[in-house]
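Structural features, examined
The residues making up each chain are set out below.
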Amino acid sequence: MAVKKGEEKKVITYEGLKKLEEELSDLKVNQRREIAEKIKEAREHGDLSENAEYDAAKEEQRQIEARIEELEEILKNVIVVDDDEITNDKVSVGCDVKVINTKTKAEYVYKIVGSTEANFLQGKISNESPLGHELMNKKVGAKVEVKAPAGDIVYKILEISKSK
């Protein structure tokens, strides 16, 4: 049986699962009610054919409904990482990894997360990203090489810890 696009199971941390569930709940409970009120108010202004406020509210409603559908699809296709399975002996989803760039000697700490949670600016990299993929299942002291547009970068794993 072939897996349809978008139905692949994605790994997610418990923290990431909670955030997605909270966003979905907010969209369904609060934002749906707010947008329904905006649409109602815009309708009261008369002719809908030239009502920019109504058009904007309907567009916002479409975006909310699309995000709800997207979140529901994500949530039905996730595998939640059990915090008890995360160890300090090898890199896995849900752990923090301290690495050093062997050339520049710059040190970085990344939290390894599933692709739906990745946010480089927050130090969260996906297990599917080039660096995250190379780090997976490696131990302290291991070196990994990542191909980058500016050239290959070699990182050495200095520390692995369970995310807090």
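Report on the accompanying structure.

1. So, the sheet that holds strand S4 (residues 107-113)
- Strands sit in the order S5-S4-S3-S7-S6 across an open sheet of five strands; the sheet is mixed. Each of the sheet's edge strands pairs with one partner strand only, and the pair in question is strand S5 (124-126) and strand S6 (143-146). Strand-to-strand, the axes of this sheet are offset by a mean angle of 45°, without reference to chain direction.

2. Thoughts on the pattern of salt bridges
- Tallying each qualifying case throughout the model produces 14 salt bridges.
- Between Lys111 and Glu15 there is a salt bridge, with the nearest N and O atoms lying 2.7 Å from each other. Taken as a pair, Lys111 in strand S4 and Glu15 in helix H1 (residues 14-43) lie far apart in primary sequence, 96 residues in all.
- We note a salt bridge from Asp152 to Lys147, for which the minimum N-O separation is 3.4 Å.
- A single salt-bridge network, built from bridges that share partners, covers Glu15, Lys19, Lys111 and Lys124.

3. Quick word on the nonpolar core
- Val91, Val97, Ile112, Leu131 and Leu135 are the most contacted members of the largest nonpolar core, which totals 18 residues.
- Here Val97 is in contact with Val91, Tyr108, Val109, Tyr110, Ile112, Leu135, Ile157 and Glu159, once residues within four sequence places are set aside.
- Residues Leu27, Ala42, Tyr54 and Ile64 belong to the second largest nonpolar core, which totals 15 residues.

4. Structural notes on unusual backbone geometry
- Even without glycine at this site, Lys105 takes up a positive phi of about 70°.
- Along the chain, the position of Lys105 falls in the loop between strand S3 (95-101) and S4.
- Since its relative accessible area comes to 54%, Lys105 is described here as exposed.
- Positioned with a positive phi, Asn137 is a non-glycine residue whose angle comes to about 70°.
- Mapping Asn137 onto the fold places it in the loop between helix H3 (130-135) and S6.

5. Regarding the packing of H1 against helix H2 (residues 52-76)
- Packing of H1 against H2 brings their axes to within 9 Å, and their N-to-C directions diverge by 160°. By the angle between their axes, H1 is roughly antiparallel relative to H2. At the point where H1 passes H2, the crossing takes the left-handed sense.
- The residue inventory of the contact of H1 with H2, partitioned by class, reads 14 nonpolar, two polar and twelve charged.

6. A few points about a negative patch on the surface
- The grouping of Glu37, Glu41, Glu44 and Glu53 at the surface amounts to a negative patch.
- Here Glu44 lies in the loop between H1 and H2.

7. Let's talk about the pairing of S4
- Sheet topology note: the S3/S4 ladder contains five bridges and is antiparallel. Paired with Asp96 across the two strands is Lys111, which belongs to S4.
- The turn linking S3 back onto S4 is made up of five residues, and Lys105 within it adopts a positive phi angle of 70°.
- Sheet topology places S4 next to S5; three bridges connect them, and they run parallel. Bridge pairing in S5 links Ile112 to Ile125.

8. Remarks on the side chain of Glu117
- For Glu117, the position within the fold is in the loop between S4 and S5.
- Buried and unpaired, Glu117 has Lys124 as its nearest opposite-charge partner, separated by 5.6 Å.
- Looking at Glu117, its side chain comes within polar contact range of the main-chain nitrogen of Gly16, at 3.3 Å.
- Residues contacting Glu117, with those up to four places away along its chain left out, are Ile12, Thr13, Glu15, Gly16 and Lys124.

Cut-offs used in this document
- Residues numbered from 1 in each chain as written.
- Predicted model: local features only at pLDDT ≥ 70, side-chain atom pairs only at ≥ 80, totals over all residues.
- Heavy atoms only, no water.
- Pairing = 2+ DSSP bridges.
- Helix = DSSP H or I, 4+ residues; strand = E, 2+ residues; numbered from the N terminus.
- Axes fitted to C-alpha atoms, helices over the stretch in contact; angles between N-to-C directions.
- Salt bridge = Lys/Arg side-chain N within 4 Å of Asp/Glu carboxyl O.
- Core = buried A, V, L, I, M, F, W, Y, C linked by side-chain atoms within 4.5 Å.
- Buried < 20%, exposed > 50% of the residue type's maximum accessible area, 1.4 Å probe, protein only.
- Contact = heavy atoms within 4.5 Å.
- Parallel < 35°, antiparallel > 145°, perpendicular 65-115°, else oblique.
- Left-handed = near helix turned anticlockwise from the far one by under 90°.
- Nonpolar A, V, L, I, M, F, W, Y, C, P; charged D, E, K, R; others polar.
- Patch = residues over 30% accessible without salt bridge, like charges linked within 9 Å, V, L, I, M, F, W, Y side chains within 5 Å.
- Areas by Shrake-Rupley, 256 points an atom, 1.4 Å probe, with all protein chains shown as cover.
- Lys, Arg positive; Asp, Glu negative; His and termini not counted.
- Charge placed at Lys NZ, Arg CZ, Asp CG, Glu CD.
- Polar contact = N/O pair within 3.5 Å; in protein donor to acceptor, adjacent residues only side chain to side chain.

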